[in-house]
Amino acid sequence: MSRILVIESSARQQGSVSRELAQQFIANWQAAHPADQVQVRDLAAEPVPHLDATLLGGWMTPSEQQNDAEKAALARSNQLTDELLAADVLVLAAPMYNFAIPSTLKAWLDHVLRAGVTFKYTETGPQGLLTGKRAFVLTARGGIYAGSALDHQEPYLRQALAFIGIHDVQFIHAEGLNLGAEFSEKGLAKAKAKLAEVA
């Protein structure tokens, strides 16, 4: 049995293509692996705070010296990190906002990219600690950006995931969604066809 962690980050609950792709992923995966456990964390419905001095204090201050706010921030970060540590497969559903990822997803990453927990510093440089996991990134984009200099989603997420040891990453892009019906239908169909091959 494997654990699947799905991170939703679209600001929209209705009409979101990235959410639609995530739901198809879950349905396909559960059909192929009915014993697997799927957990969904919705960063729009339950946003996590952005990195601030309180969270840094929770990480860096000895427990006996932490104030209540720092203790709460550390507990939240621990919960998010524990969910990631327990997962065998990570699914990030991310629309493209202004050429990059939603700020809510960046905030989640800031909570879980933690020295000594998901990566460590060594004499030869940083080393990821989450080896052996797989990741799927499902994106929704108004234009066509894959492989271009304007795509700051895929390079950033590849680097962030590799930094913590996740190198088996597959991107599935639904592109051209705002370029008219023909491009939109073609882009969505292409993404769904790739999803059908995943499980």
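Residues numbered from 1 in each chain as written. Predicted model: local features only at pLDDT ≥ 70, side-chain atom pairs only at ≥ 80, totals over all residues. Heavy atoms only, no water.

### Some points on the overall build of the chain
So, point 1. A tally of helices and strands in the chain yields six helices and seven strands.
So, point 2. Tracing the chain from N to C terminus, the helices and strands come up as β-α-β-α-α-β-α-β-β-β-α-β-α.
So, point 3. Along the first, second and third principal axes, the C-alpha set of the chain runs to 60 × 35 × 35 Å.
So, point 4. Across the 199 residues of the chain, 46% fall into the buried class.
So, point 5. Considering only intrachain contacts with a sequence separation of at least 6, the fraction spanning at least 24 residues in the chain is 75%.
So, point 6. Carbon and sulfur atoms form 52% of the exposed surface of the chain, whose accessible area is close to 10000 Å².
So, point 7. Charge centroids of the chain, computed over 17 positive and 21 negative side chains, lie 3 Å from each other. (Helix = DSSP H or I, 4+ residues; strand = E, 2+ residues; numbered from the N terminus. Buried < 20%, exposed > 50% of the residue type's maximum accessible area, 1.4 Å probe, protein only. Contact = heavy atoms within 4.5 Å. Areas by Shrake-Rupley, 256 points an atom, 1.4 Å probe, with all protein chains shown as cover. Lys, Arg positive; Asp, Glu negative; His and termini not counted. Charge placed at Lys NZ, Arg CZ, Asp CG, Glu CD.)

### Some points on the nonpolar core
So, point 1. Membership of the largest hydrophobic core comes to 26 residues, with the highest contact counts inside it found for Leu-90, Leu-92, Leu-105 and Trp-108.
So, point 2. Among the secondary structure elements, those contributing two or more residues to this core are strand E1 (3–8), helix H3 (68–86), strand E3 (89–95), helix H4 (103–112), strand E6 (134–140), helix H5 (153–163) and strand E7 (168–174).
So, point 3. Aside from chain neighbours lying at most four places away, what touches Trp-108 is Leu-5, Ile-7, Arg-41, Leu-43, Val-48, Leu-80, Leu-84, Leu-90 and Leu-92.
So, point 4. Judged by nonpolar contacts, the second largest core, of 21 residues, contains Ile-4, Val-6, Ile-172 and Ala-191. (Core = buried A, V, L, I, M, F, W, Y, C linked by side-chain atoms within 4.5 Å.)

### Brief notes about the UniProt feature "domain: Flavodoxin-like fold" (unreviewed entry) in the chain
So, point 1. UniProt records the feature "domain: Flavodoxin-like fold" (unreviewed entry) for residues 3–197 in the present numbering.
So, point 2. As a span, residues 3–197 carries 41% helix and 21% strand, and end to end its C-alpha atoms are 19 Å apart. (UniProt positions renumbered as here; feature names shortened; annotations may be inferred.)

### Some thoughts on the environment of Val-198
So, point 1. The topology assignment puts Val-198 in the segment after helix H6 (181–196).
So, point 2. On the basis of relative accessible area, Val-198 is assigned to the buried category, the value being 10%.
So, point 3. Residues Val-198 and Phe-136 lie 62 residues apart in sequence; the distance between their C-alpha atoms is 9.1 Å.
So, point 4. Not counting residues up to four positions away in its chain, the partners in contact with Val-198 are Phe-25, Trp-29, Phe-136, Gln-170 and Ile-172.

### Here we look at the packing of aromatic side chains
So, point 1. Scanning all chains against the criterion turns up six aromatic pairs.
So, point 2. With centroids separated by 5.2 Å and ring planes inclined at 90 degrees, the aromatic side chains of Phe-119 and Tyr-121 adopt a geometry described as edge-to-face.
So, point 3. Judged by relative accessible area, which is 5%, Phe-119 ranks as buried.
So, point 4. Among the aromatic residues, those joined into a cluster by ring pairs are Phe-25, Trp-29 and Phe-136. (Phe/Tyr/Trp six-rings, centres within 6.5 Å; stacked < 30°, edge-to-face > 60°.)

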